[in-house]
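A look at the structure
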Amino acid sequence: MDWGNVTTEDLIEALREVEWSSPPRPPSEFFSRFTFPRSYSKWNSRLKCNLYYYRTNYFIMIVVILALGFLRRPLAIVAAFLTALSIAFLNDSFAGTFSEKVTRTVRQFSPHLAAKMRPALTPVIRGRPSTKRAIFICGRPRWVFVFVFSIVSFFLWFVSCGLLTVLWAFGIGLLATLAHASFRSPNLKARLNTFREEFRAVWRNYSEL
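Bear in mind that the values here come from a model prediction, so they are computed numbers and not experimental data. (Residues numbered from 1 in each chain as written. Predicted model: local features only at pLDDT ≥ 70, side-chain atom pairs only at ≥ 80, totals over all residues. Heavy atoms only, no water.)

1. Here we look at the overall build of the chain
As a reminder, the rule being used: Secondary structure elements follow DSSP: runs of H or I of four or more residues count as helices, runs of E of two or more count as strands, with numbering from the N terminus. Buried means the residue's accessible area, taken with a 1.4 Å probe over protein chains only, is under 20% of the maximum for its type, while exposed means over 50%, and partly exposed covers the values in between. We call two residues in contact whenever any of their non-hydrogen atoms come within 4.5 Å of each other. Under the convention used here, a 1.4 Å probe and the Shrake-Rupley method define accessible areas, while residue burial counts only the protein chains that appear.
Each helix and strand counted, the chain has ten helices and four strands in total. In sequence order, the chain lays out its α and β elements as α-α-α-α-α-α-α-β-β-β-β-α-α-α. For the chain, buried positions account for 33% of its 209 residues. Within the chain, residue pairs in contact and separated by at least 24 positions form 79% of the contacts whose partners lie at least 6 positions apart. Only carbon and sulfur atoms are counted for the fraction: they give 69% of the accessible area of the chain, which is about 13,800 Å².

2. Focus: the packing of aromatic side chains
What counts is decided by this rule: Planes of paired rings set the category: under 30 degrees apart is stacked, over 60 is edge-to-face and the rest tilted, where pairs are Phe, Tyr or Trp rings (Trp by its six-membered ring) whose centres lie within 6.5 Å. Lysine NZ or arginine CZ positioned within 6 Å of the ring centre and within 35 degrees of the ring normal marks a charge as sitting over the ring.
Under the counting rule described, the total for this entry stands at 13 aromatic pairs. With 6.3 Å between their ring centres and 20° between their planes, Phe94 and Phe98 make a pair best called stacked. Linking Phe94 with Phe98, this pair stays in helix α6 (residues 92-107), spanning four residues, or about one helical turn. Classification of Phe94 as partly exposed rests on a relative accessible area of 27%. One Lys or Arg, Arg25, reaches over the ring of Tyr53 and ends 4.0 Å from the middle of that ring. The side chain of Arg55 reaches across the aromatic face of Tyr52, ending 5.0 Å from its centre.

3. Here we look at the confidence of the model for the chain
Residues shown with low pLDDT carry predicted positions that ought not to be read at fine detail. Filter applied, for reference: The predictor reports its confidence for every residue as pLDDT, a score running from 0 up to 100.
On average, residues of the chain carry a pLDDT of 75, and 73% of them reach 70 or more. Within the chain, helix α8 (residues 142-159) carries the highest mean pLDDT (87), whereas strand β1 (residues 124-125) carries the lowest (46). Every residue in residues 122-127 is under pLDDT 50, and counting partners more than four places away or in other chains gives ten contacts. Predicted confidence for residues 199-209 stays below pLDDT 50, and this span has six contacts to residues more than four positions away or in other chains.

4. Observations regarding the nonpolar core
Keep this limit in mind: Buried residues of nine kinds, namely Ala, Val, Leu, Ile, Met, Phe, Trp, Tyr and Cys, make up a nonpolar core once their side-chain atoms join them within 4.5 Å.
Ranked by internal contacts, the top residues of the largest apolar core, which has 24 residues, are Leu66, Phe89, Ile137, Phe145, Phe149 and Trp157. Counting residues per element, the ones that place at least two in this core are α4 (55-68), α5 (74-88), α6, α8 and α9 (163-183). Beyond its immediate chain neighbours, meaning those up to four positions away, Ile137 contacts Phe89, Ala95, Phe98, Ser99, Arg142 and Phe145. Core analysis: the second largest hydrophobic core is formed by six residues, Phe30, Tyr53, Tyr54 and Tyr58 among them.

5. Section: a nonpolar patch on the surface
Keep this limit in mind: Patch membership requires over 30% relative accessible area and the absence of a salt bridge. Like charges are linked within 9 Å, and nonpolar side chains (Val, Leu, Ile, Met, Phe, Trp, Tyr) within 5 Å. Any carboxyl oxygen of Asp or Glu that lies within 4 Å of a side-chain nitrogen of Lys or Arg is treated as forming a salt bridge with it.
On the surface, Ile60, Val64, Leu68, Leu71 and Ile77 cluster together into a nonpolar patch covering about 450 Å² of accessible area. Of all the elements, α4 adds the most residues to the nonpolar patch, at three residues. By the element assignment, Leu71 lies in the loop between α4 and α5. For Leu71, a relative accessible area of 63% gives the class exposed.

6. Brief notes about the pattern of salt bridges
Counted under the stated rule, the structure contains two salt bridges. With a closest N to O distance of 2.7 Å, Asp92 and Arg142 form a salt bridge. On the criterion of sequence distance, the pair formed by Asp92 in helix α6 and Arg142 in helix α8 is long-range, its members being 50 residues apart. Glu100 is the partner of Arg104 in a salt bridge, and the nearest nitrogen-oxygen pair spans 3.7 Å. Placement of both Arg104 and Glu100 in helix α6 is noted, with a separation of four residues, approximately one turn of the helix. Judged by relative accessible area, which is 27%, Glu100 ranks as partly exposed.

7. Concerning the side chain of Arg55
Keep this limit in mind: N or O atoms within 3.5 Å of each other form a polar contact, as long as, within protein, one can give a hydrogen and the other can take it, and as long as residues adjacent in sequence are counted only when both atoms are side-chain atoms.
Inspection of the secondary structure assignment puts Arg55 in helix α4. On the basis of relative accessible area, Arg55 is assigned to the buried category, the value being 3%. A polar contact is formed between the side chain of Arg55 and the backbone oxygen of Tyr52, at a distance of 2.5 Å.

Here it is, written out as structure tokens:
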């Protein structure tokens, strides 16, 4: 993939649809070979490639920085967890996997309740879905969970008096992510992994037709 031709909107859309269930990259790979980009175009391409390839590492790093900033404030740690969860729900793969695991756990205690947590079937016309497939979590639209978790987390931030601290911690996390993505040299493994995930995405879209 030529990351120089990838727009920011394309990158955000790819991060929203890509699989997030894969484990983070090992530290030996994450913290190896840093070089200064030779031009703006090289930096732009490297930044997008690393944000896509090390997405799980960056997400964990930001959550850890937020948690370290609130070791003496348990409510703020819960707020950080709910904020991270509401952001993770924006990813299609994570939302679907989360919903499936919760439904599977509930089925062990109440099969009737688990059946109600299944989303409604999308009508199919001429072999294709009549509408774009919506994302549901436990039988409810995804935006309901994102909205509720965001409101609760904001309330906990306000109660714990840690809103200013979280802004500083979140800013440090973003700066650390930007610095790493800017100076970490993309390797051959990152490019091969990108091609493999592109093929999976294309094949998944083809199988849904």
